[in-house]
Amino acid sequence: MARVFDYAEVTKHNTAESCWVVLYGDVYDVTRFIPSHPGGSKVILQLAGSDATDEYDPIHPPGMLEENLKPEDKLGKINPDSLPREEKTPVQTGEAPDDGPVDLDSILNIDEIEEVATKHIPYKGWAYYFSAADDLTSKAYNGAVYRNILLRPRIFVDCTACDTSTSFLGHAVQLPLYVSPAAMARLAHPDGEWGIAQACSRFGAMQIISQNASMTPEQIIADATPGQVFGWQLYVQNERAKSEAMLARMNQLDPVKFICLTLDAPVPGKREHDERSKNVASNLPVRAAVQEDQSQSQSQSQSQSQSQSQSVSKTSPSPKLAGVGQALFWGTAADLTWRETLPWLAAHTTKPIVLKGIQTHEDAYLASCHAPQVQAIILSNHGGRALDTAPPAVHTLLEMRKYCPEVFERVEVWVDGGIKRGTDVVKALCLGARGVGVGRAALFGLGAGGKEGVARVLEILKAETETCMRLLGVERVDQLGMQHINARAVERDIYDGPSFARADVERLARSPVPVRAKL
């Protein structure tokens, strides 16, 4: 019969030399696993001697425990009556009214989806999704800039039919929008990324799977319909072997049609809402073994480690507890270059490459020089989560039209950031985008109603896009163009500096020795 532990006994095992955690009602000894934890030793040590279920569950795909721990590491059961109180949602705490079951059909726009989700997901999840860099300027402007573009409806046009279908990299889809790589979806709802995939299947939309998904790629695509299109996001790791292993895994998954290399966040931005949530162990006392860098060596003698632990507890300040975003960036490489990274990718996958995070026309042109390996680019400032006051995708689109319009012929151009209306989708397509990505909307859709909430998000955006196209007098998305919008108010604010010498930039893209472009 399994031994039953009181929580007070578990809390005593809170050092690098004896680290226990509670997961799903079971007590585990994870001491052996500390040095090899992909997220770093500090994350585990901040949870040492505690119930780590709420922190662990949304971040780790099912099956991870079995893969990384031995049977003997499972020590027994926890007495549930001895556990501390769990984090509750605003509705559960009484901070928000309980309006009963969510009537998704009554939700009419994406802002209302977010409002409902905010009431039903714990603060930690909301803070991670809502947060953006510094003063949230780029996040806000990503959406606001679309309001400054006016539409030009035409009349006396038969608008009975409306076809929103298009293709991404030659793969047919029913909507010109896709779900951006949105991490940690199970912070919002147990359906997680699988639920997003189910909603995308219903509406024929593409989904890019986040490398930091809370489910495995195999679990996410498990019930995909024939022809459903997925991409997989890559954050290259300092330990390249880890990324190479994931690429080999993706090479075996046929529904994953391309690799989306994310470049707009080589280091994490300062996301204050997320950091205030303190993510890991926010409600736990500071532990002596938690240090700012690495854990104590397990080769130290027990007496030496106890002495050091006592010294740390008396003299060291409390460790800084970062948010979810900071934790997810552990191990991400910041040394990627045109010269080194794309050839490395070519050696490990034959799938097309999509470069995410283009924010200037110069980089858009450089990317196009690497076709056909690079087949699409995503204009993105990481949802305003990396560098605050970085330009919205609309500005980069207009820059490209002014300085290097040939890029639109060389590679597909996708955009994300700030999309909340079907009119936003249409305006981006008019500016030359092939498709438009939504990230937060899908996550908040999960929070509002699981997979059905995500389906409602896609339903709203599809209906709004169709209405906009009909009122413009457009039957198909490939008919949309600059003649349907007035972007003069935005054009005044785009980059107006010198252009670049194309020959020099092309040499920079292909030369083994860096060449300084003449800008």
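Residues numbered from 1 in each chain as written. Predicted model: local features only at pLDDT ≥ 70, side-chain atom pairs only at ≥ 80, totals over all residues. Heavy atoms only, no water.

Test applied: UniProt positions are given in the numbering used here, feature names are shortened, and annotations may be inferred rather than shown by experiment.
Per an unreviewed UniProt entry, the protein is named L-lactate dehydrogenase (cytochrome), and its organism is Epicoccum nigrum. In its Catalytic activity (unreviewed entry) section, the UniProt entry covering the protein states "(S)-lactate + 2 Fe(III)-[cytochrome c] = 2 Fe(II)-[cytochrome c] + pyruvate + 2 H(+)". The Subcellular location (unreviewed entry) field of the UniProt record for the protein holds the comment "Mitochondrion intermembrane space".

**Overview of the packing of helix α9 (residues 192-203) against helix α20 (residues 440-472)**
Basically, it comes down to this: Axis definition: a line fit to C-alpha positions, over the contact stretch in the case of helices; interaxial angles, taken between N-to-C directions, run 0 to 180 degrees. Strands here are runs of E lasting at least two residues and helices are runs of H or I lasting at least four, both read from the DSSP assignment and numbered beginning at the N terminus. Our angle categories are set so that under 35 degrees counts as roughly parallel, over 145 as roughly antiparallel, 65 to 115 as roughly perpendicular, and the remainder as oblique. Definitions for this section: a left-handed crossing has its near helix turned counterclockwise from the far helix by less than a right angle. A right-handed crossing has that turn clockwise. Working rule for contacts: check all heavy atoms of both residues, and any pair within 4.5 Å makes them a contact. Under the scheme applied here, ten amino acids are nonpolar (Ala, Val, Leu, Ile, Met, Phe, Trp, Tyr, Cys and Pro), four are charged (Asp, Glu, Lys and Arg), and all others, including Gly, are polar.
At a minimum axis separation of 9 Å, α9 and α20 run at an interaxial angle of 20°. In terms of orientation, α9 lies roughly parallel with respect to α20. Between α9 and α20 the crossing geometry is right-handed. Between α9 and α20, the contacting residues are Gly192, Trp194, Gly195, Ile196, Gln198, Ala199, Cys200, Arg202 and Phe203 on the first element and Ala442, Leu446, Lys451, Glu452, Val454, Ala455, Leu458, Glu459 and Lys462 on the second. Classifying every residue of the contact of α9 with α20 by side-chain character gives 10 nonpolar, 3 polar and 5 charged.

**As for the environment of alanine 441**
Stated formally: Think of it in three bands: residues with accessible area under 20% of the maximum for their type are buried, residues over 50% are exposed, and the middle band is partly exposed, with areas taken using a 1.4 Å probe on protein chains only.
When you line up the elements, alanine 441 lands in helix α20. For alanine 441, a relative accessible area of 9% translates into the label buried. Once the C-alpha coordinates of alanine 441 and glutamate 114 are considered, the two residues, 327 residues apart in sequence, prove to be 7.3 Å apart.

**Describing the pattern of salt bridges**
A side chain with one charge may pair with a side chain of the opposite charge, provided their charged atoms come close. Selection criterion: Think of a salt bridge as a Lys or Arg side-chain nitrogen and an Asp or Glu carboxyl oxygen that are within 4 Å of each other.
Under the definition given, this model contains 20 salt bridges. The partner of arginine 32 in a salt bridge is aspartate 73, with the nearest N and O atoms 2.9 Å apart. Residue arginine 32 is located in the loop between β4 (26-29) and α2 (41-46), and its partner aspartate 73 is located in the loop between α4 (64-68) and β6 (74-78); the two are separated by 41 residues in the primary sequence. One salt bridge connects lysine 420 with glutamate 114, and the closest N-O pair in it is separated by 3.8 Å. With a gap of 306 residues between them, lysine 420 in the loop between β16 (412-416) and α19 (422-430) and glutamate 114 in helix α6 (residues 110-120) connect regions that are remote in the sequence. Since its relative accessible area comes to 34%, lysine 420 is described here as partly exposed.

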